[in-house]
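# Architecture at a glance
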Amino acid sequence: MNGYILETDSLTKVYGSHRAADGISIHVRKSAIYGLIGRNGAGKTTFMKMIAGLANPTSGSYSINDHSGNELKDVRKLIGCHIEAPGLYPDMTAYQNLKCKCIQRGIKGDEQINDLLALVGLSGTGKKKAGKFSLGMKQRLGIAMALVGSPDLLVLDEPINGLDPQGIHEIRETLLKLNSLGITIMISSHILDELSKIATDYGIIHEGRLLEEITAEELIAKCKDKVMIRTNDTQRAMELLENSGISDCTVNENIIEINGHITETGRLNSALVGAGITVDEIYVQSESLEEHYLKLTGGEAK
């Protein structure tokens with residue numbers, strides 16, 4: 001056993017002349033929250049569908065708990081998925097929807113249903129039909145349905161897309177609770193700031209290819225802290241900084257960005273003011289997940 005619940009080896013899906021997923025090799029650690037990042041059309045959903053058994057790869061392979069090939073049919077139940085629409089019956093209650101999923105999976109008894117409703121915070125919905133649920137409630141019910149059968153790996157495609165702040169908070173707390181119970185989660189999201197609050201690992205996909213796979217700890221170490229300075233005379237300020245031995249600095253939209261030197265803001269401020277340069281702002285900024293993503297992909301997050 002290598003500590004990974006999911007590994008893929010050059011997983012590829014081709015539709016006609018379009019390579020929706022192109023040689024993707026990822027490694028998902030057990031008990032991780034793996035954030036899959038990419039624009040619309042980057043290949044995230046296609047990749048997730050292959051992992052969940054909803055689409056066959058054109059080439060490449062993957063393993064679940066070290067099982068691959070023909071063995072996958074024996075471990076498919078280890079994966080629960082919520083991809084695109086959750087597939088709810090709008091005229092049924094949350095309990096009834098889960099009951100149908102249990103029957104489909106051949107699971108007898110109702111004990112798991114009540115436990116799942118409590119787990120996702122829907123115990124009090126009673127006879128309310130799913131069609132009357134808020135979007136956040138529907139997403140949480142979709143997650144509960146994906147959890148039928150007690151999977152080890154939960155695959156979620158954009159579960160917070162379109163939610164208001166309260167709904168996003170509810171989904172975030174639900175996912176953290178599930179992860180604390182040992183469930184591994186793979187989640188795609190456009191809201192990178194939210195993803196950075198929960199993810200332990202990231203895979204960045206662009207135009208069907210994996211650009212980078214990185215842990216949250218590695219990302220923090222990789223994203224440099226910067227001193228940001230806005231002055232009334234950028235050119236003179238740059239000359240002064242360079243004469244002071246600070247060469248790793250650039251100007252972006254009239255703001256001077258200095259890599260490192262975050263403990264020297266007081267000295268830098270005094271030097272600039274002493275030279276008659278007005279310092280309008282000076283602060284430390286860390287590179288965010290979104291900024292790192294944009295740097296890799298060379299464009300706007302969508």
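Each remark here, short or long, concerns the structure printed above.
Read on for a plain summary of the structure. (Residues numbered from 1 in each chain as written. Predicted model: local features only at pLDDT ≥ 70, side-chain atom pairs only at ≥ 80, totals over all residues. Heavy atoms only, no water.)

## Examining the overall build of the chain
What the chain contains, in helices and strands, is 11 helices and 15 strands. Projected onto its principal axes, the C-alpha positions of the chain cover 80 × 45 × 35 Å. Taking all 302 residues of the chain together, the buried fraction comes to 45%. For the chain, the share of sequence-separated contacts (at least 6 apart) that also reach a separation of at least 24 residues comes to 69%. Entry remark: accessible area of the chain is about 14800 Å², with carbon and sulfur atoms responsible for 47%. Averaging the positions of the 32 positive and the 39 negative side-chain charges in the chain gives two centres separated by 10 Å. (Helix = DSSP H or I, 4+ residues; strand = E, 2+ residues; numbered from the N terminus. Buried < 20%, exposed > 50% of the residue type's maximum accessible area, 1.4 Å probe, protein only. Contact = heavy atoms within 4.5 Å. Areas by Shrake-Rupley, 256 points an atom, 1.4 Å probe, with all protein chains shown as cover. Lys, Arg positive; Asp, Glu negative; His and termini not counted. Charge placed at Lys NZ, Arg CZ, Asp CG, Glu CD.)

## So, the sheet that holds strand β4 (residues 33-37)
The six strands lie next to each other as β7-β8-β9-β4-β10-β11, forming an open sheet whose pairing is mixed. Whereas interior strands pair on both sides, the edge strands pair on one side only; in this sheet they are β7 (79-82) and β11 (209-215). Ignoring which end each strand starts from, the neighbouring axes of this sheet average 15° apart. Judged from the four bridges that link them, β4 and strand β9 (residues 184-188) form a sheet pairing that is parallel. By the bridge assignment, I33 is partnered in β9 with I185. The sheet contacts of helix α6 (residues 165-180) involve β4, β8 (153-157) and β9, and relative to β9 the element is tilted by about 150°. Sitting on the sheet, helix α11 (residues 289-297) is in contact with β4, β10 (201-206) and β11, with an inclination near 35° to β10. (Pairing = 2+ DSSP bridges. Axes fitted to C-alpha atoms, helices over the stretch in contact; angles between N-to-C directions.)

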